[in-house]
Amino acid sequence: MKKFWAFLKNYWFGLLMSFVLLMGFLFFLLIMLSPRYDAQKRGFIPCTENLVQNLAQCAPTEKYTCGIKHILANTWCDIKVIATGWKNWGQGKQATPWSNYIFEPEPITPIDENDEFYADYKARGLTARQDMQNLIKMGEALDQQVAAIKKEKEDEEKR
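Structure report, in brief. Residue indices follow the written sequence of each chain, beginning from 1 at its first position. Restriction of local features to residues with pLDDT of at least 70 applies here, the model being predicted, together with a cutoff of 80 or more for giving and counting side-chain atom pairs; totals for whole chains, interfaces and linings are based on all residues. With hydrogens and water set aside, each side-chain value is computed from the structure's full complement of heavy atoms.

With that out of the way, let us pick up the state of the cysteines. Sulfur atoms of two cysteines make up a disulfide when they are within 2.5 Å. Evaluation of the coordinates by the stated rule reveals 2 disulfides. Paired through a disulfide, C47 and C77 show a sulfur-sulfur distance of 2.0 Å. Because the torsion about its S-S bond is -70°, the bridge between C47 and C77 counts as left-handed. Here C47, found in helix α2 (residues 45-56), pairs with C77, found in helix α3 (residues 63-90); they are 30 residues apart in sequence, far enough to count as distant. For the exposure calls, accessible area comes from a 1.4 Å probe over protein chains only, and a residue counts as buried if that area is under 20% of its type's maximum, exposed if over 50%, partly exposed in between. Assessed through its relative accessible area of 4%, C47 is described here as buried. Look at C77 and you get partly exposed, because its relative accessible area is 27%. Paired through a disulfide, C58 and C66 show a sulfur-sulfur distance of 2.0 Å. One disulfide, between C58 and C66, carries an S-S torsion of -75° and so falls in the left-handed class. For C66, a relative accessible area of 12% gives the class buried. Sequence-ordered numbering of the bonded cysteines in the protein chain gives a pairing of 1-4, 2-3. Secondary structure elements are taken from DSSP: a helix is a run of H or I of four residues or more, a strand is a run of E of two residues or more, and numbering for both begins at the N terminus.

To continue, consider the packing of helix α1 (residues 2-33) against α3. Between N-to-C directions, angles span 0 to 180 degrees; the directions come from axes that are lines fitted to C-alpha atoms, helices contributing only their stretch in contact. Where α1 meets α3, the closest approach of the two axes is 12 Å, and the angle between their N-to-C directions is 80°. Comparing their axes, α3 and α1 come out roughly perpendicular. Along its contact with α1, which presents F27, L30 and I31, the element α3 presents T75, D78, I79 and I82. Side-chain classes are defined by residue name, with Ala, Val, Leu, Ile, Met, Phe, Trp, Tyr, Cys and Pro counting as nonpolar, Asp, Glu, Lys and Arg as charged, and the others, Gly among them, as polar. Classifying every residue of the contact of α1 with α3 gives 5 nonpolar, 1 polar and 1 charged. By the definition adopted for this analysis, an angle is roughly parallel if under 35 degrees, roughly antiparallel if over 145, roughly perpendicular if from 65 to 115, and oblique otherwise. For this analysis, residues touch if any pair of their heavy atoms sits within 4.5 Å.

Quick look at the structure:
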């Protein structure tokens, strides 16, 4: 028993760090194995969608601090999903602790092409490729306008 306590006394920090890294790896693995698309948006999907929306709203001047803040919030959301699974399993609401985030995804139903919007879309003879090309052209035109405005402001500041 003295050897065990001596070993623990000498290597406690390494054991602690190994445990922390193992937990991080298992957490990462759980999220990687969970479905990414589901019609009911179960599991980690709402957390990820919320992360994407929050990161898109970060100001360019605070992109690093804002990004880290939202990534940590997303991690906390993922931990809550895992904890909810354990809680529901303990209460008998689900068969296994991971049933709420490791599951067979329900496919997302395709878009109803008989919908009024898509009927108008087809009536105008548009395709997704044409729409994408139009969006790219509009984006390039917008970039050129922004560049022209910036150049005008720089010219005014030089005067």
